[in-house]
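# Observations on the model geometry
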Amino acid sequence: MSRFLNFFAIEEFYHIYNRGIEKRKIFMDYKDEHRFLMLLYTCNTEEKIHLSDFKNKSLNEILEIKRNETLVDIGAYCLMTNHFHILIREKKENGISIFMQKVLTAYTMYFNKKYNRSGALFQGTFKAKHCDDNNYLKYMFSYIHLNPVSLVQSDWKEKGINNKKEIKKYLEKYELSSYKDYLGQNRKEKSIISLENFPEYFQEKKDFELFIEDWITMSRLNLDI
């Protein structure tokens, strides 16, 4: 269920993640975060992309651009200071590999140029775990969206959450994940995800709220994978 993989099967679901080399920060400011979000959208197409075409466009403008056939379906994502998580579905042969190569190569080139550095930015190739069990797949929606809790309370996984109201408010304001989209908030970033090919766990926003509430109210969590 959670083994490392070197291959992907069409119509199967995977948890994709990676962190900065030597655990370094990979997002230094909001412009870096927006660039990565932009790449999650623009790289998800069979067409070649030219980043110069997006030079003077805002993230919202880019997210309005029409794409041709996409390579993968994204069900959830979360960006943290030094790592990221994506829940993804293989849509066509080699779709995930092509998509992730495009995203990570383009972002590394952007980052290295901006900060006058060279070499690898990420800790090896991206990691992938197969979500081949329905319960595990549903669990990943909580795991990915609850990652930002550690920015408020670093020991929450071991000791449980101290202030649940504070955590809920923080998650509802966190801009760098798909959490807001599951709450039904109207924003352009929703175009990054495509849920029609994921199980309908959360047909209404209340279903998602109750699901997250269950995880938050647990006295102790162990979400390390």
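The structure reproduced in this document is the subject of the present report. (Residues numbered from 1 in each chain as written. Predicted model: local features only at pLDDT ≥ 70, side-chain atom pairs only at ≥ 80, totals over all residues. Heavy atoms only, no water.)

### Description of the overall build of the chain
- Across its full length, the chain carries eight helices and four strands.
- In summary, the chain has a C-alpha radius of gyration of 17 Å against a globular reference of 17 Å for 225 residues, a match within 12%.
- Expressed along its principal axes, the backbone C-alpha trace of the chain runs to roughly 50 × 35 × 35 Å.
- Relative to its full complement of 225 residues, the chain shows a buried share of 49%.
- Surface accessibility of the chain: about 12000 Å² in total, with carbon and sulfur atoms responsible for 46%. (Helix = DSSP H or I, 4+ residues; strand = E, 2+ residues; numbered from the N terminus. Rg over C-alpha atoms; globule rule 2.2 N^0.38 Å. Buried < 20%, exposed > 50% of the residue type's maximum accessible area, 1.4 Å probe, protein only. Areas by Shrake-Rupley, 256 points an atom, 1.4 Å probe, with all protein chains shown as cover.)

### Considerations on the pairing of strand β3 (residues 83-90)
- Taken across its eight residues, β3 has eight buried, putting it largely inside the fold.
- Burial along β3 is two-sided: His83, His85, Leu87 and Arg89 and Phe84, Ile86, Ile88 and Glu90, pointing in opposite directions, are all buried.
- In this sheet, β3 lies alongside strand β1 (residues 13-19) in antiparallel orientation, the contact comprising seven bridges. Within β3, the position partnered with histidine 15 by the bridge is leucine 87.
- Across seven bridges, the pairing between strand β2 (residues 72-79) and β3 is antiparallel. When the bridges of β3 are listed, leucine 79 appears paired with phenylalanine 84.
- What sits between β2 and β3 in their antiparallel hairpin is a turn of three residues. (Pairing = 2+ DSSP bridges.)

### Here's the deal with the pattern of salt bridges
- Tallied over the entire structure, the rule returns eleven salt bridges.
- Among the salt bridges present, the one from aspartate 32 reaches lysine 114, with a minimum N-O distance of 2.8 Å. Highlighted residues: aspartate 32 in helix α1 (residues 30-42) and lysine 114 in helix α3 (residues 95-114), separated in sequence by 82 residues.
- Since its relative accessible area comes to 0%, aspartate 32 is described here as buried.
- Residue classification places lysine 114 among the partly exposed residues on the basis of a relative accessible area of 34%. (Salt bridge = Lys/Arg side-chain N within 4 Å of Asp/Glu carboxyl O.)

### Quick notes on the nonpolar core
- One finds Ile16, Phe36, Phe84 and Phe99 to be the most contacted residues of the largest nonpolar core, which totals 71 residues.
- Examining the composition of this core, we find that nine residues originate from one element, α3, more than from any other.
- Ignoring any residue separated from it by four or fewer positions in sequence, one finds phenylalanine 84 in contact with Ile16, Tyr17, Asn18, Ile26, Phe36, Cys78, Leu79, Met100, Leu104 and Phe122. (Core = buried A, V, L, I, M, F, W, Y, C linked by side-chain atoms within 4.5 Å. Contact = heavy atoms within 4.5 Å.)

### Comments concerning helix α4 (residues 134-145)
- Taking 1.5 Å as the rise per residue, α4 with twelve residues should run 16 Å; its terminal C-alpha atoms sit 18 Å apart, in good agreement.
- In terms of burial, α4 is largely enclosed, as nine of its twelve residues are buried.
- Within the span of α4, buried status applies to Tyr136, Leu137, Tyr139, Met140, Phe141, Ser142, Tyr143, Ile144 and His145.
- For α4, the N-terminal cap is aspartate 133; the gap from its side-chain oxygen to the backbone nitrogen of asparagine 135 is 2.9 Å. (Expected span 1.5 Å × (residues − 1). Polar contact = N/O pair within 3.5 Å; in protein donor to acceptor, adjacent residues only side chain to side chain.)

### Notes on the packing of aromatic side chains
- By the definition in use, this model includes 26 aromatic pairs.
- For the pair phenylalanine 8 and phenylalanine 126, a centre-to-centre distance of 6.2 Å together with 20° between the ring planes defines the contact as stacked. A residue pair is termed long-range when its members are at least 10 positions apart, and phenylalanine 8 in the segment before β1 and phenylalanine 126 in the loop between α3 and β4 (127-130) qualify at 118 residues. Taken individually, phenylalanine 8 and phenylalanine 126 each receive the classification buried, so the pair is uniform in this respect.
- When the ring of tyrosine 139 is compared with that of tryptophan 215, the centres are 5.4 Å apart and the planes differ by 55°; the resulting orientation is tilted. Linking tyrosine 139 in helix α4 with tryptophan 215 in helix α8 (residues 205-216), this pair joins segments that are 76 residues apart in sequence.
- Take tryptophan 215: its relative accessible area is 16%, and that puts it in the buried class.
- Put simply, the rings of Phe13, Phe141, Tyr179, Tyr182, Phe198, Tyr201, Phe202, Phe208 and Phe211 pair up and form one aromatic cluster. (Phe/Tyr/Trp six-rings, centres within 6.5 Å; stacked < 30°, edge-to-face > 60°.)

Without other data, these values stay purely geometric and don't point to any function.
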